[in-house]
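Below are the chains, spelled out letter by letter.
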Amino acid sequence: MDIELIKFMFMLTTISLYFNVAISLYGVVSKTNLVKKLIALTIFQDTVNMFTILIGYKLWRPGLLLQPPVLTDLSPTSETLREFVERSVDPLPQAFVLTAVVIGLAVTLFLTTIILHVSYHFKTVNVDEIGRSKRVYIHEEAV
Amino acid sequence: MLRDLVFASLLIIIILALTYLTYSGGLGDLPPRDVRVIASNYLNLTYNQGITWLWAASPEAVTAIVWDYRGLDTLFETVVFYGAILAALTLFRSVSKVPEFVSSAGLSLVVKRVTAIVTLAILAVAASTALHGHLTPGGGFQGGAIASVAPLLLLVVFGKQFFIERRISYSKLLTIRNASLALLGFTSVALLILGFLTGFQAYIFQNQAKIVSTLSYPPYLLDVPLGGSLFFFNLFEFLAVASGFTLVFTILLSRDETLRKELEGEELGY
């Protein structure tokens, strides 16, 4: 495989992730349905996580075997350790994403319960309708 | 409509600018030729038996970073996770007090048998992911997230009756979750307390012995690397994540009437 090709594919992936971020942000801002907003938000989360993993990757070169940051030799010599450091991809972005994923899931569950609450209360999940009904109520109160 | 159009064109302009910057090398080499210095330090030290005052006794570098080198960060991230689940539970706090009398028979026999087998497999994979988190890719977070799928499946396929019959109640799950979070906190200060009692010096979140403090979690269990405190952190995080998610799933899959009760007596409008 050609290294230039790999670099080009990485560039393409990065730019496609920018598009993904843009589309999901557009969904969060312009959709009026709260559930659709939530779906767009989860896509946004996953795109950012994917991007973080991507920048921890390492350029493949002929003669270099890439491996995850897990040492398979349980009594390593300095030679195996050197080889491990040379082959392994960056563990730091993986460690960040690891916690971000679980917290993202917890926040998503929290938002789901809020949306459930809102849907029971206002009998709709459309933010425009919710805003309108609140305005009517405030107006009635003022009168 | 105009607002959407303006926003969309703004996003397109931002994407084009970012694309140009990335293409002209704004992010450096993509992908980088080598890992950063800090990453190669972590990789070099995580299971380096020659430098045991800096190692984490874990062949898996990600778990070593998550629970040892940057352990305090992860503790606070766990607090965020705890808070989000707690907030979700608070929104439906009365659901826990309402005893549910449902008589759902669940899905058909074929689905039930298949689910029973698959559930066992899910739990086995989850336990292996969590308990071998310091040896193979995985850890408490991932194991807990995998394990929480099993009760979700059971809730859908067997019905809520299945849980009630087996006395898997809201308060029990909450107790498991709180206890494992408390144990997680205790694991982080256990060596510090031991240091106070024995007169040695120790740190919060200390795992292996350092030059100035000789207290240490056991690095091996019968010649298999244990990762010291990493094993305990993974175990307790696994229990906390699995029970926390199961709690929220149980509430989200409650009956509509039970959930609506939460809003009874409230005035119109927030």
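A few points about the overall build of chain A
Right, on to step 1. When you go through chain A residue by residue, the secondary structure sums to 5 helices and 0 strands.
Right, on to step 2. For chain A, the succession of helices and strands along the chain, N to C, is α-α-α-α-α.
Right, on to step 3. Overall size of chain A, expressed as C-alpha extent along the three principal axes, is 80 × 35 × 20 Å.
Right, on to step 4. By the burial criterion, 20% of the 143 residues in chain A qualify as buried.
Right, on to step 5. Taking as baseline every contact in chain A between residues at least 6 positions apart, the subset at least 24 positions apart corresponds to 53%.

Notes on the interface of chain A and chain B
Right, on to step 1. In this complex, chain A contributes 50 residues to the contact, which on the side of chain B involves 56 residues.
Right, on to step 2. Of all the secondary-structure elements, those providing two or more residues to the side of chain A that touches chain B are α1 (3-30), α3 (78-87), α4 (91-122) and α5 (127-142) of chain A.
Right, on to step 3. The element contributing the most residues to the side of chain A that touches chain B is α4(A), with 20 residues.
Right, on to step 4. Partitioned by chemical class, the residues of the side of chain A that touches chain B number 36 nonpolar, 10 polar and 4 charged.

Details of helix α9 (residues 170-198) of chain B
All names here are of chain B.
Right, on to step 1. The terminal C-alpha atoms of α9 lie 40 Å apart, and with 29 residues this matches the ideal 42 Å at 1.5 Å per residue to within 8%.
Right, on to step 2. If you look at α9, its biggest bend is around 50°, right at V189.
Right, on to step 3. Considering only its buried residues, α9 is in contact with α4 (71-91) and α10 (229-252).
Right, on to step 4. The positive-phi residue at the C-terminal boundary of α9 is G199, with phi of around 85°.

Here we look at helix α6 (residues 140-147) of chain B
Residues spaced three or four apart along an α-helix point in a common direction, a consequence of the helix completing one turn every 3.6 residues.
Right, on to step 1. Where burial is concerned, most of α6(B) is hidden: 7 out of the 8 residues are buried.
Right, on to step 2. Listed in full, the buried residues belonging to α6(B) are G140(B), F141(B), Q142(B), G143(B), G144(B), I146(B) and A147(B).
Right, on to step 3. Tucked into the core, α6(B) has its buried residues touching α4 of chain A together with α5 (109-131), α7 (149-158) and α10 of chain B.

Here we look at the confidence of the model for chain A
Right, on to step 1. Averaged over chain A, the pLDDT score is 86; the fraction of residues at 70 or greater is 99%.
Right, on to step 2. Taking the mean pLDDT of every element in chain A, the minimum, 80, falls on α5(A) and the maximum, 92, on helix α2 (residues 34-55) of chain A.

A word on the packing of α5(B) against α6(B)
Residue and element names in this part refer to chain B.
Right, on to step 1. Viewed as axis vectors pointing N to C, α5 and α6 meet at an angle of 170°, and their least axial separation amounts to 7 Å. Relative to α6, the element α5 lies roughly antiparallel. Across the interface between the two elements, I122, L123, V125, A126, A127, T129 and A130 of α5 pack against G140, Q142, G143, G144, I146 and A147 of α6.

What about the environment of N20(A)?
Right, on to step 1. As for its placement among the helices and strands, N20(A) is situated in helix α1.
Right, on to step 2. In this structure the C-alpha to C-alpha distance between N20(A) and F44(A), which are 24 residues apart in sequence, comes to 7.4 Å.

Some details on the nonpolar core
Right, on to step 1. Counting 66 residues, the largest nonpolar core has A106(A), Y42(B), I65(B), A84(B), I85(B) and V248(B) as its most contacted members.
Right, on to step 2. Looking at which element gives the most residues to this core, the answer is α10(B), with 15 residues.
Right, on to step 3. With residues up to four places along the chain from it excluded, the contact list for V248(B) reads L109(A), I85(B), A88(B) and L89(B).

Scoring rules and cut-offs
Residues numbered from 1 in each chain as written. Chains lettered and ligands numbered in written order. Predicted model: local features only at pLDDT ≥ 70, side-chain atom pairs only at ≥ 80, totals over all residues. Helix = DSSP H or I, 4+ residues; strand = E, 2+ residues; numbered from the N terminus. Buried ≥ 20, exposed ≤ 12 C-beta atoms within 10 Å, placed from the backbone. Contact = placed C-beta atoms within 7 Å. Nonpolar A, V, L, I, M, F, W, Y, C, P; charged D, E, K, R; others polar. Expected span 1.5 Å × (residues − 1). Bend = angle between axes of the 7 residues up to and from the residue. pLDDT = per-residue confidence, 0-100. Axes fitted to C-alpha atoms, helices over the stretch in contact; angles between N-to-C directions. Parallel < 35°, antiparallel > 145°, perpendicular 65-115°, else oblique. Core = buried A, V, L, I, M, F, W, Y, C linked by C-beta atoms within 7 Å.

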